Amino acid sequence: ISLGGINLQVSEPARLMVLMYISGYAVRHRDDLGRSLIDFVKPMLVVALISGLLLAEPDFGATVVLLAITLSVLFVAGAPWRYFLLMIGAVAALLIILAVSAPYRLARLTGFTDPWSDPYGSGFQLTQSLIAIGSGEWFGAGLGNSVQKLFYLPEAHTDFVFAVFAEEFGVAGTVVLIMLFALLVWRALGISLDAAERNRYFQAYLAFGIAIWQGTQVLINLGVNMGILPTKGLTLPLISYGRSSLIVTLIALALLLRIDMENRRVRSTSTASKKKRRRRA
């Protein structure tokens, strides 16, 4: 959508807004999620509507991430295993039907399993990505020295930027990059747990959702670049080119920092109160 000369990819802010909605719903219905199937299905209907709009774009990858965020937050909020597995099965069946019903999606699903069978057709993008990753070897060709990004690898600046990164920095650089993403997800989970221990459940669910969001998107992007998963139009957070993706990711991380700051403030206030009580005693 073009807004005042700025192109907005609607799936990016949609993820954050849906996460806020699901976090709020989970707080309001914490006691009901484990007892009533209706209370579990209600937010899924809203997410199903939004997912339908995303699929109409079409944006299959964003839909997968959105559903992963929603189901994860509802699960930690108290949804029982039977509801969770039932919904997982329904979503998986729907996604399979959607994938098989569209020829280009089916080609992506079958093409990634053996891209070398058609290296100049359906497997071209993946074969070029694998060539880039393999060319990086242990320590890479050096910053800016990638050959594959010179019009050999399509979408080298967005969806397949990891392949270029691996070519320029090698195994050593990719390990460092993956560890940094793992550290981000681990800290987000820690902030979520810290908020939950202080009964700040909205903040806890929001932080947990951000962790799942970033972790899922990184795993899918890396899997696509390495030929482990079918091709999806998902960016690598904070690395890929894209204004909407970068801005929304930064907003999500800013919310995460805010939650952490409030956790520390509550902790310091609690510590100060304990010290005053000891002095009075």
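Description of the structure in this document.

## Overview of the overall build of the protein
Along its length, the protein carries 10 helices and 2 strands. Helices and strands appear in the protein in the N-to-C order β-β-α-α-α-α-α-α-α-α-α-α. In terms of overall dimensions, the protein has C-alpha extents of about 75 × 45 × 40 Å along its principal axes. Within the protein, the proportion of its 281 residues that are buried is 45%. The contacts in the protein between residues at least 6 apart in sequence include a share of 69% that link residues at least 24 apart. With the model as given, the accessible surface of the protein reaches about 15000 Å², and the carbon-plus-sulfur share is 67%. Of note, the protein has its 25 positive side-chain charges centred 19 Å away from the centre of its 17 negative side-chain charges.

## Re the nonpolar core
Residues L19, F40, M44, V73, W213 and L256 are the most contacted members of the largest nonpolar core, which totals 56 residues. Elements supplying a minimum of two residues to this core: α1 (11–28), α3 (37–55), α4 (60–76), α5 (81–101), α8 (161–197), α9 (201–225) and α10 (243–280). Broken down by element, the residue count for this core peaks at 11 residues, all from α9. The residues contacting L19, other than those within four sequence positions of it, are I69, V73, Y205, L206, G209, I210 and W213. Core analysis: the next-biggest nonpolar cluster, separate from the first, contains 8 residues, F162, F165, F181 and L222 among them.

## A word on α4
With 17 residues, α4 should reach 24 Å at 1.5 Å per residue; the first-to-last C-alpha distance of 25 Å fits that figure. Burial of α4 is extensive: 13 of the 17 residues sit out of reach of the surface. Phi turns positive one or two residues past the end of α4, at G78, with a value near 125°.

## Details of the packing of aromatic side chains
For the structure shown, the criterion picks out 4 aromatic pairs. Geometrically, the ring pair formed by F75 and W81 is edge-to-face, given 4.9 Å between the ring centres and 65° between the ring planes. Its guanidinium or amino end placed over the ring of Y201, R30 lies 3.9 Å from that ring's centre, counting from NZ or CZ.

## Details of a nonpolar patch on the surface
On the surface, a cluster of nonpolar side chains totalling about 590 Å² of accessible area is made up of W138, F139, V171, V175 and M179. Mapped onto the elements, V175 comes out in helix α8.

## Some words on unusual backbone geometry
Positive phi outside glycine occurs at F151, with the angle close to 70°. For F151, the position within the fold is in the loop between α7 (124–136) and α8. Residue F151 is classed as exposed on the basis of its relative accessible area, which comes to 84%. With phi around 70°, L238 is a residue other than glycine that occupies positive phi space. Judged by its relative accessible area of 39%, L238 is partly exposed.

What counts as what
Residues numbered from 1 in each chain as written. Predicted model: local features only at pLDDT ≥ 70, side-chain atom pairs only at ≥ 80, totals over all residues. Heavy atoms only, no water. Helix = DSSP H or I, 4+ residues; strand = E, 2+ residues; numbered from the N terminus. Buried < 20%, exposed > 50% of the residue type's maximum accessible area, 1.4 Å probe, protein only. Contact = heavy atoms within 4.5 Å. Areas by Shrake-Rupley, 256 points an atom, 1.4 Å probe, with all protein chains shown as cover. Lys, Arg positive; Asp, Glu negative; His and termini not counted. Charge placed at Lys NZ, Arg CZ, Asp CG, Glu CD. Core = buried A, V, L, I, M, F, W, Y, C linked by side-chain atoms within 4.5 Å. Expected span 1.5 Å × (residues − 1). Phe/Tyr/Trp six-rings, centres within 6.5 Å; stacked < 30°, edge-to-face > 60°. Lys NZ or Arg CZ within 6 Å of the ring centre and 35° of its normal. Patch = residues over 30% accessible without salt bridge, like charges linked within 9 Å, V, L, I, M, F, W, Y side chains within 5 Å. Salt bridge = Lys/Arg side-chain N within 4 Å of Asp/Glu carboxyl O.

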